[in-house]
Each structure stands twice: as C-alpha cells, then as structure tokens.
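Observations on the three-dimensional arrangement
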Amino acid sequence: MQEILDAILSGDATSADYAALALPESYRAVTLHKDEEQMFAGLASRDKDPRKSLHLDDVPLPELGPGEALVAVMASSVNYNTVWSSIFEPVSTFGFLERYGRLSPLTKRHDLPYHVLGSDLAGVVLRTGAGVNAWKPGDEVVAHCLSVELESPDGHNDTMMDPEQRIWGFETNFGGLAQLALVKTNQLLPKPKHLTWEEAASPGLVNSTAYRQLVSRNGAGMKQGDNVLIWGASGGLGSYATQYALAGGATPICVVSSPQKAEICRAMGAEAIIDRSAEGYRFWKDEHTQDPREWKRLGGKIREFTGGEDVDIVFEHPGRETFGASVYVTRKGGTIVTCASTSGYMHQYDNRYLWMSLKRIVGSHFANYREAFEANRLVAKGRIHPTLSKVYPLEETGQAALDVHHNKHQGKVGVLCLAPQEGLGVRDHELRAQHLGKINAFRNI
C-alpha cells in the first residue's frame, strides 16, 4: 500500500508506473458486521451509536470484473446513508447485499458477512477491467454512487429508472470509506483539479442529488426568478441547493436551526434566511396532529422575504416533520420535490392544498450519470463549491458518522483514507486562488 501512496504523492508517476504496481492482498476498510445486525435492538434511533457498529478491518481485495475499476482512495466522506447503515435503519443493508448477490455469479462477490461502506471517493485508478476504454491507471477521479446494470430497456432513457439501480457503498459492497474501492467505470468522473483530495471527495452524492432534485428536468426544473424554500440550507444537501438557486438566478429562502447555520448561508450569498428555532415553529401539536396555524405562520414569514409571493419550489428532505408545511406554503401550480426523509418516512399533508391548488409532488433519488457529470463539471469550473467543514482520519469514521447522526455538523464531513494529511492533491493552484474563500466557507465559521 505504501508503494501505491508513494506513486500518488510523487505527482509524476505514469500510467505504466501505476499499472506495474503490485496490488495488496488486503486493505483497510470501514465495515459493518452481519452478526451485529441486532446490536441496537430496542434502542431509540438517537441512542444508536455508529462508533459501536463501525469497524476498521483488513478485508480481502475483491476480484475485478468487466467494466469495473479498482481505485486507490485518498479521501471519502460521510453521508446520511452511512448513518442509516451504521444504525441498521430502516433495514439492515445486508438484505441489499443478499439480493444483489443473487443476480449473477459476478454480483455474488458483494454478498459477504461484512459490508464496506461509503458512497463518495476521490482517488486514483489502479486497474480497469475488461472492456474499459475511457479510463486508465493513473487517472485522478471522483466517483458518483449510481450503480446500474442497464440490461433492461427501462434504464436507457434515465439510468435512475434501471430496475437494478443501486447506491454504491450502501446497497452494494466495496465502498469508498476504505483504502481501496471497487466501482463500475461509468461511475467515474474527472477530479476537479483545483481541489484537495478531501474537498473533491465531499460533493459527490449530495451535489448530484441536489442537481437532479432542483435543476434537472427530472426534478423541479428550477428557472430564473423562482423562489425556492430550502430546508436544512446549511447541511449536506441544502448547502448545494442554496448554491444552485443562487447560481441559477433563483431566490433561496433558507431554513436553518441556529444563528451559526444562518451565518453559513450568508457566507454562500443567501439573504432570505429563517431560523426555525428562533421562530419557534411547532408543526406538530403532538405525535398524531399537525398544526395548520404554524404552516400559515411560516407562509407569512416567507412572504416577508419575497414581496408577498409564495414559493415556486420546496426543496424537501426532512420528511415527516416538515412535509405538511411544505405542501401548504407552495404557490398554486408549484412543486414540492422530495428526496430522503431524515425525520421520518410516513409523510402527512392536507390534500386540499395539493389538489385544489394544482401543485405537484416529485420524488427524486440521486442522479443519472449525465446529471452527475454536469454537477461535477460545475464544481470543476468553480461555479459550485465543496461544503467541507471537518475532516476525520479513517479510524475515526464512527465519530464522523455520529456527528452527522446528531446533526452536529455543517455541510459535509470528510474522511482521509490513504491521504496522510489534508491539503494534498491540488493541481490547478491559479483556479484555487480565485475561489479560496468560497472553498473554505464552511471551514471558517
């Protein structure tokens, strides 16, 4: 492994040099253990501690298949799916691996008694499998997390519609929270040259998700002049939605939960900010009953920022806690676009405010390859910036996941894998200098 790292750090190793490097028989990876699926049984979600379930193990190097690449991972990051995996909610991910393993002899590799997690990476290609022409050893890459088989016609208009669509490192094995990772080569994208390894690893999942959800025609199709309500606007998803709204000529109305998070939104350039804790919104009277008066109060607050207009788009991801309010405050003919449900999957809303006002609810899940490419291209051009706030070493991934689980983080939390320290991997120092303030926005608050 040290020879691989030395080649990467040298900055002048050729493709032939990388191809000639010996591969290790095993590597270090953050794993879940199948025999611990029930370790948190009976505990409330918040009391489930990822530090107890996430292990740093030496695992065997997987076999490289056709259309795949083995990547040396310099850095990765923690997403909510890492948290869900680590607390075995809403289901154990080993069920995903078992189902995938039944698909073919090649996918059987994924059905193991351990699960290597992680749906982001920045690193260097070491090997490519049969049939790969677009990538070669030595290419510096990031990976998006869409894994597809594309043997059905359903996926050929939008790969997210492939019946065998999965999220790498969550519904498949050999993820990015490791020294090495196995990916399909149609997951690879060029690493933005002005970013460090840890910065480049952080946008992947959330940036692509926000792009499809808000910008793409498969999502809300945001246009100039739109008013966009963004829940959790300083968080992993919301911080990218805020940037896309600002870059696309829309007006983000950013909902946050503290003055510190409000400052982060201001640093990104947002002006319309609602601190929900300061306003004291209580959308639920009790566990079973919502309070429409609070929906109306939120709508009034929004109109203070928009000159009396309701929002065209609601960027939804908290789910149960906020969904009734989201449907209510959207303008007639507007769109509520939803992915994830971090506060609960069972949404409730008053359908009168949907059907009689001709609103739409659009489900959105990650992004297809083209959308992920476009989202990464904007990062590479310095139009959209990473939202990295803190970085942990690989052995402290459990603590990083706990931070995200308890919402103690801002933006994204990174993890160094092979990279021995932060700040490495920058190739375009001139472009970096132009955008350094934005790149470090989440570090400086």
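Please refer to the structure placed before this passage.
Residues numbered from 1 in each chain as written. Predicted model: local features only at pLDDT ≥ 70, side-chain atom pairs only at ≥ 80, totals over all residues. Heavy atoms only, no water.

1. Quick notes on the overall build of the chain
Let me state the cut-off plainly: Here a helix means four or more residues in a row that DSSP labels H or I, a strand means two or more in a row labelled E, and each is numbered from the N terminus. Working definition: with a 1.4 Å probe on protein chains only, accessible area under 20% of the residue-type maximum means buried, over 50% means exposed, and in between means partly exposed. Two residues qualify as a contact provided that any one of their heavy atoms is within 4.5 Å of a heavy atom in the partner residue. The Shrake-Rupley method, run with a 1.4 Å probe, gives the accessible areas here. Residue values count only the displayed protein chains as cover. Within this scheme the basic residues Lys and Arg register as positive and the acidic residues Asp and Glu register as negative, but His and the chain ends are omitted. We put the charge of a Lys on NZ, of an Arg on CZ, of an Asp on CG and of a Glu on CD.
When helices and strands are counted, the chain shows 16 helices and 20 strands. Projected onto the principal axes, the alpha-carbon positions of the chain cover approximately 65 × 50 × 40 Å. The buried share of the chain, reckoned over its 445 residues, is 59%. Looking at the chain alone, contacts between residues at least 24 apart form 73% of all its contacts between residues at least 6 apart. Approximately 18,200 Å² of the chain is accessible, and the part contributed by carbon and sulfur atoms is 49%. In the chain, 46 side chains carry a positive charge and 53 a negative one; their mean positions are 7 Å apart.

2. A look at the pattern of salt bridges
For the record, the criterion: The salt bridge criterion pairs a side-chain nitrogen of Lys or Arg with a carboxyl oxygen of Asp or Glu, the two atoms within 4 Å.
Under the criterion given, the structure shown has 27 salt bridges. Linking Lys48 and Glu89 is a salt bridge whose minimum nitrogen-to-oxygen distance equals 2.6 Å. Of this pair, Lys48 sits in the loop between β1 (26-33) and α3 (50-53) while Glu89 is found in the loop between α4 (80-86) and α5 (94-101), placing the two residues 41 residues apart along the sequence. Owing to a relative accessible area of 10%, Lys48 belongs among the buried residues under this scheme. For Glu263, the salt bridge is made with Arg266, and the minimal N-O distance between the two is 2.8 Å. One end of the pair is Glu263 and the other is Arg266, both in helix α9 (residues 259-268) and 3 residues apart, which spans about a single turn. By relative accessible area, which is 44% here, Arg266 ends up partly exposed. Several salt bridges share partner residues, and in doing so they unite Glu279, Glu294, Arg297, Lys301 and Glu304 into one network.

3. Some remarks on the packing of helix α7 (residues 204-215) against helix α8 (residues 238-247)
Put simply, the test is: Note on geometry: axes are lines fitted to C-alpha atoms, helical ones only across the stretch in contact, with angles between N-to-C directions running from 0 to 180 degrees. In these notes the angle categories are as follows: under 35 degrees is roughly parallel, over 145 is roughly antiparallel, 65 to 115 is roughly perpendicular, and the rest is oblique. Helix crossings get a hand from a simple test, with the near helix turned counterclockwise from the far one by less than a right angle marking a left-handed crossing and a clockwise turn marking a right-handed one. Think of it as three bins: nonpolar holds Ala, Val, Leu, Ile, Met, Phe, Trp, Tyr, Cys and Pro, charged holds Asp, Glu, Lys and Arg, and polar takes everything else, Gly as well.
Interhelical geometry of α7 versus α8 gives an angle of 50° and a closest axis separation of 9 Å. In terms of their interaxial angle, α7 and α8 are classed as oblique. Here α7 runs over α8; the crossing is right-handed. On α8, the residues that touch Val206, Asn207, Ala210, Tyr211, Leu214 and Val215 of α7 are Tyr240, Ala241, Tyr244 and Ala245. Among the residues making up the contact of α7 with α8, the classes are represented as 9 nonpolar, 1 polar and no charged.

4. Focus: the sheet that holds β1
The test is simple: By the convention used here, strands pair only if DSSP detects at least 2 bridges between them.
Strands sit in the order β2-β1-β4 across an open sheet of 3 strands; the sheet is antiparallel. On the outer flanks of this sheet lie β2 (55-60) and β4 (114-116), each paired with one strand and no other. Across the sheet, the axes of successive neighbouring strands diverge by a mean angle of 60°, strand direction being ignored. Bridge count for β1 against β4 is 3 bridges, and the pairing is antiparallel. Among the inter-strand pairings, Leu32 is bridged to a residue of β4, identified as His115.

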